[in-house]
Amino acid sequence: MSNSKPKIKVGLIGTGFMGKAHAFGFTNASRVFDLPVVAELDTVADINEAEARNAARAFGFTNATTDWRDIINDPEIGIVSITAPNALHKEMSLAAIAAGKHVYCEKPLAPLAQDAREMADAAEAAGIKTQVGFNYLCNPMLQLARAMIESGELGEIRGYRGLHAEDYMADASGPFTFRHDPAGGGALADLGSHALATAEFLLGPVTEVMGDCVTVIPNRKDRSGTVRAVEVDDIGRAFLRFENGASGSIEANWIATGRKMQHDFEVFGSKGALTFSQERFNELHFYSNDDAEGRQGFRRIEASPAHPPYGQFCVAPGHQIGFNDLKAIEVAGYLSAINDDAAEPFNFRAGLRIQTLVEDIQTSSAQQAWRKVGG
Ligand SMILES: NC(=O)c1ccc[n+]([C@@H]2O[C@H](COP(=O)([O-])OP(=O)(O)OC[C@H]3O[C@@H](n4cnc5c(N)ncnc54)[C@H](O)[C@@H]3O)[C@@H](O)[C@H]2O)c1
């Protein structure tokens, strides 16, 4: 039986951590969801030839290349997925947009907000559908948290604490990587972008920030053995004021020894509270003032088919979905937007917003003063 759905060919740039996640996402989205379009893995590019060939074979792409422009120049390819280092996002995205292709780019969208603005403007002018990789927002339990906040179950929202802490840069002898690039690297851009996206997803716009960005490990050797000064933050923190009147904070920390994926939040309302940890991301913890005295405490809500789209992956509650499933949900939303003319889940304009917040926090930290967002 032939599949009569329209097909769209995908070109993937980069075969590392996120390259594999994008390949998973495109492969599984069409299997898990009934989408209006079927994605076909066509060409994968990586500067490392062996990696490109291995990835083509392992992920199921038809072609492999060491030149990402082969993807741009192929008129058959409809979506370009960019999972290369941050400093390359702008050049690759603008080339794909100019070639009339839809673009799915990893976060942070670009090293600088002005670059991200150029990318968002170019995409909108060309009528291109875009997506930025903020996959954690696709978690059904985050959707639940937002619904509970919006419905008033927590009452008036008073306080927020957000955190994204990992320890992959904790070893001071570890190499200087693209994440240390002075043009847009750092913990705040890398991890804080997720913490900020989650904060605004749950509570709405941040209006003012007070940042504190700290470099703890001042030098690292690059791959050639040259000692490079680290100019970006290892820890970026900010106090936040939200448009809804709440106040809060976020911390981005990539030297948090022992922490692997502490992308957590706490929301405090006048009637209840929520806590969440990405390390156990199939759970949301809810405290309600309405519980009887002597019975109060945070109750654990486990992910289940009652929390769409969990049920698309598994019919049984509590069996849990995984990191790559979030990518499949993200891809499904994006493919639907491409084919049905619906809004994308998190487009370049939304990515620009996060980059603007990152820069405002960095500027506030340098000036040691509160700063209005976008001011
Ligand atoms: N959304 C998320 O949860 C998440 C998680 C991790 C990383 N990221 C983002 O994904 C991007 C990549 O991160 P990663 O962890 O996958 O890095 P990585 O180092 O594992 O992979 C990057 C790949 O890009 C390739 N590459 C470098 N220059 C290239 C070029 N000119 N042409 C083609 N390929 C090139 C490298 O060889 C490597 O295979 C970054 O922007 C990062 O911020 C997002």
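Here is a short report on the structure shown in this document. What you are looking at is a predicted structure, and each value in this text was computed from that prediction instead of being measured.

What about the site of the ligand?
So, point 1. Within the structure, the ligand sits among 28 residues, and M18, D46, N86, K107 and N135 are positioned closest to it.
So, point 2. Measuring from a nitrogen atom of the ligand, one finds a side-chain N or O atom of E106 at 2.9 Å.
So, point 3. Between the ligand and R179 there is a distance of 2.9 Å, counted from an oxygen atom to a side-chain nitrogen or oxygen.
So, point 4. Surface burial for the ligand is 84%, taken as the share of its 850 Å² of free accessible area covered by protein chains.
So, point 5. Among the residues making up the shell around the ligand, the classes are represented as 13 nonpolar, nine polar and six charged.
So, point 6. Viewed by domain, the shell around the ligand spans two of them, domain 1 (7-135) and domain 2 (140-280 + 282-318 + 346-371), each represented by three or more residues.

Digging into the side chain of K107
So, point 1. The residue K107 is located in the loop between strand 5 (102-105) and helix 5 (113-126) in this model.
So, point 2. Here the side chain of K107 touches D190 through a polar contact of 2.7 Å, landing on its backbone oxygen.
So, point 3. Contacts of K107, omitting those with residues within four sequence positions, involve N86, H89, V132, G133, F134, A189, D190, S193 and H194.

So, the nonpolar core
So, point 1. Core analysis: the biggest nonpolar cluster contains 110 residues, and V267 and F348 have the highest contact counts within it.
So, point 2. Counting residues per element, this core draws most heavily on helix 7 (residues 187-203), at 11 residues.
So, point 3. Two domains each provide a minimum of three residues to this core, namely domain 1 (7-135) and domain 2 (140-280 + 282-318 + 346-371).
So, point 4. If sequence neighbours within four positions are ignored, F348 has contacts with S93, I97, V103, C105, L109, M119, A120, A123, T130, Q131 and V132.

Criteria and cut-off values
Residues numbered from 1 in each chain as written. Predicted model: local features only at pLDDT ≥ 70, side-chain atom pairs only at ≥ 80, totals over all residues. Heavy atoms only, no water. Near = heavy atom within 4 Å. Polar contact = N/O pair within 3.5 Å; in protein donor to acceptor, adjacent residues only side chain to side chain. Areas by Shrake-Rupley, 256 points an atom, 1.4 Å probe, with all protein chains shown as cover. Nonpolar A, V, L, I, M, F, W, Y, C, P; charged D, E, K, R; others polar. Domains from an automatic or database assignment. Helix = DSSP H or I, 4+ residues; strand = E, 2+ residues; numbered from the N terminus. Contact = heavy atoms within 4.5 Å. Core = buried A, V, L, I, M, F, W, Y, C linked by side-chain atoms within 4.5 Å. Buried < 20%, exposed > 50% of the residue type's maximum accessible area, 1.4 Å probe, protein only.

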